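Architecture and fold: a report
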Amino acid sequence: MRFLHTSDWHLGRSFHRVSLLDAQAAFLDHLVATALTREVDAVLVAGDVYDRAVPPLSAVELFDRALHRLAEARVPTVMISGNHDSARRLGVGAGLIDHAGIHLRTDPARCATPVVLPDVHGDVAFYGLPYLEPSLVREEFKAAKAGHEAVLAAALDRVRADLAQRPHGTRSVVLAHAFVAGGAASDSERDITVGGVSAVPTGTFDGVDYVALGHLHGSQALTERVRYSGSPLAYSFSETDHRKTMWLVDLGPGGEIEAERIDCPVPRPLARLRGALADLLDDPALTRHEQAWIEATLTDPVRPAEPMARLAERFPHTLSLVFDPDRGDEDTVTSYAQRLEGRSDQEIAEDFVAHVRGGAGPDDRERTVLRGAFDHVRVENAVREVTG
């Protein structure tokens, strides 16, 4: 069984206010062409089809055209909703388009009802686990705790129970949208932390032949059988060093895995430049970046006049400008953005409490209150997206 594993299309998303609609259309052209030329038996999309719960009409039209092309090519497609999608909206008409070979899995209650596709060696059961917001699905799965690990473990128990009743030799593939331990994150993924914990152990997926993950935007293999495809396009400058790909996976008769990375089209390379403005404008080594999307960090001790306009003369696609003055060893002040980089909302709030108190951070009880407040806001946002 050969399939393409992809995820995190984020249709409708822009890059620093630059529309990516054409680039997303080019990717979908590439996906369909690859599915045909490499003779795949299925296409898997592991969540975050859209960038937000109510996507723009242009994104919906792009999605619709892609589904029509895959259906016309008779390439079965299995996709799940992610934390950016509205599961209810994405799942509208799922039962009807099932007959066209497009299998949308957005209902957590159906996670143990697989799409079964045969090959010469027997059946392969594809189980779609849409993004499981713990507070919304805890009762459905009778989970002891309202956490990602608990609800995913309960969902996988259902999957394994269904698989045990199928003919001997049935192979299994699980699509899931989650933050799995060992994965490398970037700045463009939405936080899904619950109670201060977001990562799910890879062992949660034991007993499955292949796990097609979505959520993290970097392509990566956590184990031979547990992989993120990553997003097909870069959605933040933190993804500058990413190689954007899909996984082309061959699943052997005994569950053997052979995986190949298929490169995605790059609309424009990214570059992060740092230095004094005059150096950036004069350095011949930077010629190769002149047509890239640029994030420039200026280290001039005094802010130069018209820095964006001057940068744009050499780098016309400069999108982000950051100031980080180099004032020598005596000045250890960093920019606000740098101080926040890589820190969670919880950590930022705790630092704020320590600042206003003159050094004394929150105690355990106060940390619990802060965490509860952030969880409440995140869950409210998830409920609005799910219920529409």
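Reading the values: the criteria
- Residues numbered from 1 in each chain as written.
- Predicted model: local features only at pLDDT ≥ 70, side-chain atom pairs only at ≥ 80, totals over all residues.
- Heavy atoms only, no water.
- UniProt positions renumbered as here; feature names shortened; annotations may be inferred.
- Helix = DSSP H or I, 4+ residues; strand = E, 2+ residues; numbered from the N terminus.
- Expected span 1.5 Å × (residues − 1).
- Axes fitted to C-alpha atoms, helices over the stretch in contact; angles between N-to-C directions.
- Parallel < 35°, antiparallel > 145°, perpendicular 65-115°, else oblique.
- Contact = heavy atoms within 4.5 Å.
- Nonpolar A, V, L, I, M, F, W, Y, C, P; charged D, E, K, R; others polar.
- Pairing = 2+ DSSP bridges.
- Buried < 20%, exposed > 50% of the residue type's maximum accessible area, 1.4 Å probe, protein only.
- Right-handed = clockwise from strand over helix to strand, strands pointing away.
- Salt bridge = Lys/Arg side-chain N within 4 Å of Asp/Glu carboxyl O.
- Phe/Tyr/Trp six-rings, centres within 6.5 Å; stacked < 30°, edge-to-face > 60°.
- Lys NZ or Arg CZ within 6 Å of the ring centre and 35° of its normal.

For the chain, an unreviewed UniProt entry supplies the name Nuclease SbcCD subunit D and the organism Streptomyces camponoticapitis. The annotation that UniProt attaches to the chain under Function (unreviewed entry) is "SbcCD cleaves DNA hairpin structures. These structures can inhibit DNA replication and are intermediates in certain DNA recombination reactions. The complex acts as a 3'->5' double strand exonuclease that can open hairpins. It also has a 5' single-strand endonuclease activity." Per UniProt, the chain has the following entry under Subunit (unreviewed entry): "Heterodimer of SbcC and SbcD."

Take helix α2 (residues 57-72) next. Here α2 contains 16 residues, and its C-alpha end-to-end distance of 22 Å stays within 8% of the 22 Å for a straight helix at 1.5 Å per residue. Phi turns positive, to about 60 degrees, at R74, one or two residues after α2.

Here the focus is the packing of helix α1 (residues 21-37) against α2. At a minimum axis separation of 10 Å, α1 and α2 run at an interaxial angle of 10 degrees. Here α1 lies roughly parallel to α2, going by the angle between them. Residues L21, Q24, A25, L28, D29, L31 and V32 of α1 lie in contact with α2, whose contacting residues are S58, A59, L62, A66, R69 and L70. A class-by-class count of the residues in the contact of α1 with α2 yields nine nonpolar, two polar and two charged.

The strand order β15-β16-β17 describes an open sheet built from three strands, whose pairing is parallel. Looking at strand neighbours, the two that pair on one side only are β15 (270-275) and β17 (318-323), the edges of this open sheet. Pairs of neighbouring strands in the sheet enclose a mean axial angle of 15 degrees, with direction left out of account. Sheet contacts for helix α8 (residues 307-314): β16 (293-298) and β17; angle to β17, the most-contacted strand, approximately 135 degrees.

Before going further, it helps to examine the pairing of strand β5 (residues 77-80). Of the two faces of β5, the one holding T77 and M79 and the one holding V78 and I80 are both buried throughout. One crossover worth recording links strand β4 (residues 42-46) to the parallel β5 by way of α2, and it is right-handed. With four bridges joining them, β5 and strand β6 (residues 102-105) adopt parallel strand pairing. Across the sheet, residue T77 finds its bridge partner in β6, namely I102.

Counted under the stated rule, the structure contains 14 salt bridges. The salt bridge involving D51 is made with R13; its shortest N-O contact spans 3.4 Å. One end of the pair, D51, is in the loop between β4 and α2; the other, R13, is in the loop between β1 (2-6) and β2 (14-15), with 38 residues separating them in the sequence. The same class applies to D51 and to R13, which are both buried. With a shortest N-O distance of 2.9 Å, R314 and E290 are connected by a salt bridge. Here R314, found in helix α8, pairs with E290, found in the loop between α7 (277-282) and β16; they are 24 residues apart in sequence, far enough to count as distant. Overall, E290 belongs to the partly exposed group, its relative accessible area being 23%.

What follows is about the packing of aromatic side chains. Two measures describe an aromatic ring pair: the distance that separates the ring centres and the angle between the ring planes. For the structure shown, the criterion picks out six aromatic pairs. Plain terms: the ring middles of W9 and F27 are 6.0 Å apart, the flat faces sit at 70 degrees to each other, and that makes the pair edge-to-face. One end of the pair, W9, is in the loop between β1 and β2; the other, F27, is in helix α1, with 18 residues separating them in the sequence. Overall, W9 belongs to the buried group, its relative accessible area being 1%. Since its relative accessible area comes to 2%, F27 is described here as buried. In textbook terms, an aromatic cluster arises when at least three aromatic residues are bridged by ring pairs, as seen for F3, F126 and Y210. The ring of W247 has R261 sitting right over it, with the charged end atom 6.0 Å from the ring centre. Between R303 and the ring centre of F323, over which it is positioned, the NZ or CZ distance is 3.7 Å.

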